Structures are given as C-alpha cells and as structure tokens.
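Report on the structure
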Amino acid sequence: MAARDRDRFSTATRIRLLGEQTAARVYRSQTRRQARRSRLTGRAALLALVLCSMIVALAYPMRQYVSQRAEIADLEREREHARQRVEELRDLKARWQDDAYAEQQIRQRLHYVMPGETGFVVIDPDAARQSRTDLGAADRPWYSNVWDGVDKSDASHQ
C-alpha cells in the first residue's frame, strides 16, 4: 500500500492524471464544436448566401414593378374621369344646339324677356341691407376703405 500511496503523490502520476483530464476536456470541446459545425455545413452557408443575394437582387425590380402598377392604376382612373368629362361636355354641346334649351338658358341667366312679357327681378332683403351699409363707405376717404378691406381680409383668415 505504501507503494500505491507513493505513486499517487508522485509527479509522474500527477502529470499523467492532468494529461488525461486535459485530453478529456479537449475531446469534449471538440465534440461540441463538431456538433455545432454539423448544424451549418458549407453547402448550407452557400445556399443561404445565394438566397440572400437573390432576394437583394430582386427587391429593387419588385419595388419598381409594384410602383409602376400603382401608377398605371392611377392613370387608368384619370383616363376614366377624363372620358366621363368628355361625355358630359358632348351632352352639353348637344343641348346648346337645341334652340329651346338656348332660349331657356338665355332667359334664366341674362334675364331676357320676350316682346310683350313683363320682367320682374326679386331682390333679396339681406342684399338690400348690405348695399345700404356699403353706401356709408362712400362718404369716407378712399384710404379708410382700403384699410377696412385689409382688416376684413386679415380677420377672415384667423
């Protein structure tokens, strides 16, 4: 037993035990690295790189495609509105070709009357009051009227 105790504390035995422990640690770390490496191989990394580069390469053309499709849709809507406006103007032109419609519009807009008819104009009472207040402005100097106009304009924007 004394020989075993002596071997246990000897330098050679200690170095051998340290070597075995170190080898076990190295082996464990290598197996961990190999396990980690086995998850992502060189082929998988290359495939990921190719996929990423394809996505980046296609991103700009796809963005352009989508924006151009949106622009085309906007232009088609504008074209449809313009077509409707042209149809409305054609209808209006055709109406003005009719003498009865032209006469009606002339009577309504220009207050014309046919010979033998009596024309009446109804004045809004509020408009009459407003015109009377404007008559007071004629008695003042012109620069006062200009300044009042500036004040009214400034007050309306606030």
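Below is a short write-up of the structure.

Rules of the game
Residues numbered from 1 in each chain as written. Predicted model: local features only at pLDDT ≥ 70, side-chain atom pairs only at ≥ 80, totals over all residues. Heavy atoms only, no water. Salt bridge = Lys/Arg side-chain N within 4 Å of Asp/Glu carboxyl O. Helix = DSSP H or I, 4+ residues; strand = E, 2+ residues; numbered from the N terminus. Buried < 20%, exposed > 50% of the residue type's maximum accessible area, 1.4 Å probe, protein only. Expected span 1.5 Å × (residues − 1). Bend = angle between axes of the 7 residues up to and from the residue. Patch = residues over 30% accessible without salt bridge, like charges linked within 9 Å, V, L, I, M, F, W, Y side chains within 5 Å. Areas by Shrake-Rupley, 256 points an atom, 1.4 Å probe, with all protein chains shown as cover. Phe/Tyr/Trp six-rings, centres within 6.5 Å; stacked < 30°, edge-to-face > 60°.

The subject of this paragraph is the pattern of salt bridges. With the rule as written, the count across this model stands at six salt bridges. As a salt-bridge pair, Asp 74 and Arg 77 come within 2.1 Å of each other at their nearest N and O atoms. Residue Asp 74 and its partner Arg 77 are located together in helix 3 (residues 42–97), separated by three residues, close to a single helical turn. Residue Asp 74 is classed as partly exposed on the basis of its relative accessible area, which comes to 37%. Given a relative accessible area of 47%, Arg 77 falls into the partly exposed group. In this structure, Glu 103 engages Arg 107 in a salt bridge whose closest nitrogen and oxygen atoms are separated by 3.7 Å. With a gap of four residues between them, Glu 103 and Arg 107 both fall in helix 4 (residues 99–110), about one helical turn apart. Here Glu 103 falls in the partly exposed class, since its relative accessible area comes to 39%.

Between the first and last C-alpha of helix 3 there are 82 Å, a value that for 56 residues agrees with the 82 Å anticipated at 1.5 Å per step. At Ala 59, helix 3 shows its maximal kink, close to 30 degrees; a proline, Pro 61, follows between one and four residues later.

A separate point is a nonpolar patch on the surface. On the surface, Leu 46, Leu 47, Leu 49, Val 50, Leu 51 and Met 54 cluster together into a nonpolar patch covering about 580 Å² of accessible area. By the secondary structure assignment, Val 50 is in helix 3. Look at Val 50 and you get partly exposed, because its relative accessible area is 37%.

In the structure shown here, the tally under the stated rule is two aromatic pairs. Here the aromatic rings of Trp 142 and Tyr 143 are separated by 5.8 Å at their centres, their planes lie at 80 degrees, and the arrangement is edge-to-face. For the pair shown, Trp 142 and Tyr 143 are each scored as exposed.

Of note in the backbone geometry, His 111 takes a positive phi value of approximately 60 degrees without being a glycine. Counting through the fold element by element, His 111 comes out in the loop between helix 4 and helix 5 (125–135). In this structure His 111 comes out as exposed when scored by relative accessible area, which is 59%.

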